[in-house]
Every structure is written in structure tokens, then in C-alpha cells.
Amino acid sequence: MSIKENLLKKIDSKSSVVGIIGMGYVGIPLFLRFAFENFSVIGFDIDEEKIKQINSGKSYFKHIPGSSIKKAIDKYATSTTNFSKISDCDVIILCLPTPLNKDNTPNLDYVLNSLDSIIPFLKEGQLLSLESTTYPGTTEEEILPRLEDEGFEVGRNFFLAYSPEREDPGNLNFNPKNIPKIVSGYSKDCLEIANKLYGSVVDYTVPLSSLKTAEMTKLLENIYRAVNIGLINEMKIVSDALGIDIHEVIQGASTKPFGFKPFFPGPGLGGHCIPIDPFYLTWKAKQIGIDTRFIELAGEVNTNMPNWVVTKVEQSLKKNKIEISQSKILILGLAYKKNIDDVRESPAVELLSLLSKKAKKVDYSDPFINKFPKMRNYDFSKESIDLNRDNIKKYDLVLIATDHDEFDYEFIKKNANIIVDTRGIYKDRSHNIVKA
């Protein structure tokens, strides 16, 4: 039996051991998905506290119940900080962040450092799959050479794949099982093995012809959203200057039964992918002498939205004869979108940072984030404020940054002095509501 046939047989019989590196927003759902399909799974992370919680059957994400973690641990799953356990795995899946450097260039440190950590424990007959969002060419240009330097003949005695994650935390209609899975491989054999693996745990796979094609597909998905959100944010700015409610405009345009898909404005882009992915492609395009002006312009519009919102806050305060330097401001929502506890690249956090430099006092209230979390670029010693009547009235202005369903918007409207609404919550005009 060949090396390829042996691995396929292990996957088909679910006797293969799956190692997942990175127990974050991508890694945990995949960890659960394989465990629930009766694969033996080992989760890897350098954060000892995360590993301790997982092995205790606890979750550190709002949208993932602890009962699911416990069920997986009770079945076939475990987690560890010991990377030598990679040698026990037949499949290794990298689910690691790919942030931007300060100059908006790709930062692959998490991926490459993890790869360096596991290389001593790799062996023939394994499949390595990258799920992190990145620029076209990463898997072949960065990962492949490192494997070949170790003496592996990729495509013959070791297998390499790229299968980008597709996650929408808080969306009850889609989950890792029913979201179609893009799959690609370095060779036909790599693709066949990767497709067999993912096809064992998801309803539908989408095999693509090359690693680069799959990497570009992931970027297109998110850049499509970034560009359209940039368009609608710019439309909001123009509509605001003309005294037009952009949300009413969108509602009207949405009645067209063809050729229009609604996108909604906000205080900026959030989440790990959409604010970052355009810069990955523009960087790569520059390497081959192409300017992506359209994509870069959308990025500029979206990046500037928090500043535009801050200007609206200043204007609203001034209209009420309050100088921003003497003002007290309460930001509603810290997460990047409603009903989740994810603050990655959240425009609400950037608003907190910008306003803290201008106002006398800035606090936040978020039902899912009791204490300001550790972040790479922000450091605040703040806790969520209870939204009772007395607390709301203490602030000169309430800024709706994230439209959580748990907020009682009528109660807030009744008790707030000024409300700056960046999410289109309030449809009717009111003396204390400013749409931004």
C-alpha cells in the first residue's frame, strides 16, 4: 500500500489523528467538527490558560457553548501545549492569525513560527493544511520550501493543502458543517487527500485547481464585502451632507428584485478578515507591479469612518453647547458586530481610543464583554457599564457603535441626553438622536 493510499484509508476509516494548531475563533469550531464526526483530535496552542479551559470542558467564546467543548473532550478530543505530539498526528491543520504590520504589510509570523516549532516532529505520510487567510502564493512560497528543506518530497511522501476558513460567528443559519468548504492541494494527490479529509466533516466541498486559486478565492470573498461596504459608507457620508437618511435609501433600493444586493453602513470595518484582506492583495499586487486603486480607495474610506463618526460626535456636542474636552461619553457595544464577543479590528475599539484622547471621560457598555480584553494595539483598564437609568443620564452623549439585540433601545432613547446612532437603529427622527 502506498503512502497516499494508507493516509486515505486512515481518513476514510476515521482512524487518523487530526492536529489543529491555534485554538481560536477558527481552530475551536474545526476542533469540534472533527470530534463530532468521531475523529481523534488534538488541539495545540501556546496559551496554557486556553488549553486548561478546553480540557476542563469550558468555552472562552460566547457563541460556542461549554457543553460542546465538554462533549468533544468526553469523546475523542484533547488539547495541549506540547508540540511534540504533532508526531502522533496524521493531519495537521494550521488555524493561525495573519495580522498586518504597522505599515499594512502581511505579517506571517504566527504561521511561520508555528511551522518552525512543529517541523522537528513532522514525519512521512502526513497532510499539512493551512486555513489562515493570506495572499496568493503563500503556501507554495513560504511553507513548501520549509518542508522540502527537511527532505520531504511534497506530493509523494508528504502532502500539502490550503483550505481557507469560512466562519460567521453569531450566524445561526450557517456553521462549519453546512458552509461549503474550499479545498486545494499542491498536487492531485494532495488535493484528493485534502478533499477526502474535509469531505468527511462538512456537507459540501469545492475543490479548486491550485493553492493560489484557493488563496485568491478567500481574498475575493472578503474584498467583495470590503469594497461594497466602502461604497455604502461613502454613500452615507454624501447622504448625510444632503440631509438624506441612507437607511431609507437602502430600504427603497432593496425593493428592486434584481441587480441590487443591500450592504449597510457602520462606524468602520471589523473582524479579522474584512479590514485586513484588501491589504494582503494590494501588497501582493505591488510585488508584481500592479496598483489596485479601486480596492485601496475602499480601504481608505472604511479606515476613515471612525474619524468621521468622531467628527459627528464633536458636532453633536457643540450643538448642545458642550465642549468635547469636558464631555462624558458612553459607547454602546465593543464587539465588531452584534451579538458576539469578538473585538478583533473592531471600529468600536478604535472609537474608544480616538474619543479617549479628546473627551473628559469615555466608557463602554457591552453585555458580552465585561472587561476590556487584552489586545495587541490597545490597552484600556475599563469594565462594562450597566445600562440603568442613572448611569445613562450621567453621560452627555451615548454612541451606538455595535447594535446588540440585548440593548433596550427605547429605554436608551428615553434616558439619554444625546444619541449618535451609527447603525441605523432609530428610524424616526427625534430631538436627541443624531444619525451618523
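The structure contained in this document is the topic of the report that follows. (Residues numbered from 1 in each chain as written. Predicted model: local features only at pLDDT ≥ 70, side-chain atom pairs only at ≥ 80, totals over all residues. Heavy atoms only, no water.)

1. Some points on the nonpolar core
Counting 40 residues, the largest nonpolar core has I21, I92, L94, I118, L122 and L128 as the members making the most contacts within it. The greatest single-element share of this core, amounting to five residues, is contributed by helix α8 (residues 211-241). Ignoring any residue separated from it by four or fewer positions in sequence, one finds I118 in contact with I21, F83, I86, I92, L94 and L128. Within the second largest apolar cluster, 39 residues are counted, among which are A77, L127, L191 and A194. (Core = buried A, V, L, I, M, F, W, Y, C linked by side-chain atoms within 4.5 Å. Buried < 20%, exposed > 50% of the residue type's maximum accessible area, 1.4 Å probe, protein only. Helix = DSSP H or I, 4+ residues; strand = E, 2+ residues; numbered from the N terminus. Contact = heavy atoms within 4.5 Å.)

2. Here we look at the packing of aromatic side chains
Throughout the structure, instances matching the rule amount to eleven aromatic pairs. Centroid distance F407 to Y409: 6.0 Å. Interplanar angle 80°. Geometry classified as edge-to-face. Here F407 matches Y409 in class, with each residue buried. Members of the aromatic cluster, joined through ring pairs, are Y25, Y60 and F61. Across from the ring centre of F368, 4.5 Å away, lies the NZ or CZ of K62, which sits over that ring. The ring of F36 carries the charged tip of K71 above its face, separated from the ring centre by 4.8 Å. (Phe/Tyr/Trp six-rings, centres within 6.5 Å; stacked < 30°, edge-to-face > 60°. Lys NZ or Arg CZ within 6 Å of the ring centre and 35° of its normal.)

3. Digging into helix α5 (residues 109-118)
Buried within α5 are the following residues: V111, L112, S114, L115 and I118. Axial view of α5: buried residues confined to an arc of 160°, hence all on one face. Of the surrounding elements, those touching the buried residues of α5 are β1 (17-21), β4 (91-94), β5 (127-130) and α6 (138-149). (Arc of directions from axis to C-beta.)

4. A few points about the pattern of salt bridges
The final tally for this structure, using the stated rule, is 25 salt bridges. In this structure, E153 engages R156 in a salt bridge whose closest nitrogen and oxygen atoms are separated by 2.9 Å. Residue E153 is classed as partly exposed on the basis of its relative accessible area, which comes to 43%. Note that E221 is salt-bridged to R166, the shortest N-O span being 2.4 Å. With E221 in helix α8 and R166 in the loop between β6 (159-162) and β7 (181-185), the pair connects residues that are 55 residues apart, well separated along the chain. (Salt bridge = Lys/Arg side-chain N within 4 Å of Asp/Glu carboxyl O.)

5. Some thoughts on the packing of α8 against helix α10 (residues 277-287)
The description of two packed helices rests on the angle between their axes and on the distance between the axes. Running from amino to carboxyl end, α8 crosses α10 at an angle of 120°, the nearest separation of the two axes being 8 Å. Classified by the angle their axes make, α8 and α10 are oblique. In this structure, α8 crosses over α10, and the sense of that crossing is left-handed. Only D277, P278, Y280 and L281 of α10 make contact with α8, whose side of the interface consists of M216, K218, L219, N222, I223 and A226. (Axes fitted to C-alpha atoms, helices over the stretch in contact; angles between N-to-C directions. Parallel < 35°, antiparallel > 145°, perpendicular 65-115°, else oblique. Left-handed = near helix turned anticlockwise from the far one by under 90°.)

6. Structural notes on the sheet that holds strand β8 (residues 205-207)
In a beta sheet, neighbouring strands pair by backbone hydrogen bonds and run either parallel or antiparallel. The mixed open sheet is built from eight strands, whose spatial order is β3-β2-β1-β4-β5-β6-β7-β8. Each of the sheet's edge strands pairs with one partner strand only, and the pair in question is β3 (77-80) and β8. Averaged over all adjacent pairs, the angle separating strand axes in this sheet is 25°, with direction ignored. Bridging between β4 and β5 involves four bridges; their strand directions are parallel. By the bridge assignment for β5, V91 is matched with L127. Lying on the sheet, helix α3 (residues 48-55) is in contact with β2 (40-44) and β3; it crosses β3 at an angle near 160°. Across the sheet, α6 is in contact with β5 and β6; its angle to β6 comes to roughly 160°. (Pairing = 2+ DSSP bridges.)

7. Quick notes on unusual backbone geometry
Phi is positive for N104, close to 65°, though the residue is something other than glycine. By the element assignment, N104 lies in the loop between β4 and α5. Judged by relative accessible area, N104 falls into the partly exposed class, the value being 33%. At N339, a position not held by glycine, the phi torsion is positive, near 70°. Residue placement: N339 occurs in the loop between β9 (328-332) and α12 (347-356).

8. So, the packing of α5 against α6
At their nearest, the axes of α5 and α6 sit 11 Å apart, and the two run at 10° to each other. With respect to α6, the element α5 is oriented roughly parallel. Only E142, I143 and R146 of α6 make contact with α5, whose side of the interface consists of V111, L112, L115 and D116. Counted by class, the contact of α5 with α6 contains four nonpolar, no polar and three charged residues. (Nonpolar A, V, L, I, M, F, W, Y, C, P; charged D, E, K, R; others polar.)

9. A few points about helix α2 (residues 27-36)
Counting buried positions along α2 gives nine out of ten residues, so the element sits mostly inside the fold. Among the residues of α2, those classed as buried are G27, I28, P29, L30, F31, L32, R33, F34 and A35. Positive backbone phi, at 70°, marks N38, one or two positions downstream of α2.

10. A word on the side chain of K181
Relative to the helices and strands, K181 is located in strand β7. Engagement of the side chain of K181 in a polar contact is seen with the side chain of S163, the distance being 2.7 Å. Ignoring sequence-local partners within four residues, the contact set of K181 consists of E131, S163, P164, E165, R166, Y198, V202, Y204, T205 and V206. (Polar contact = N/O pair within 3.5 Å; in protein donor to acceptor, adjacent residues only side chain to side chain.)

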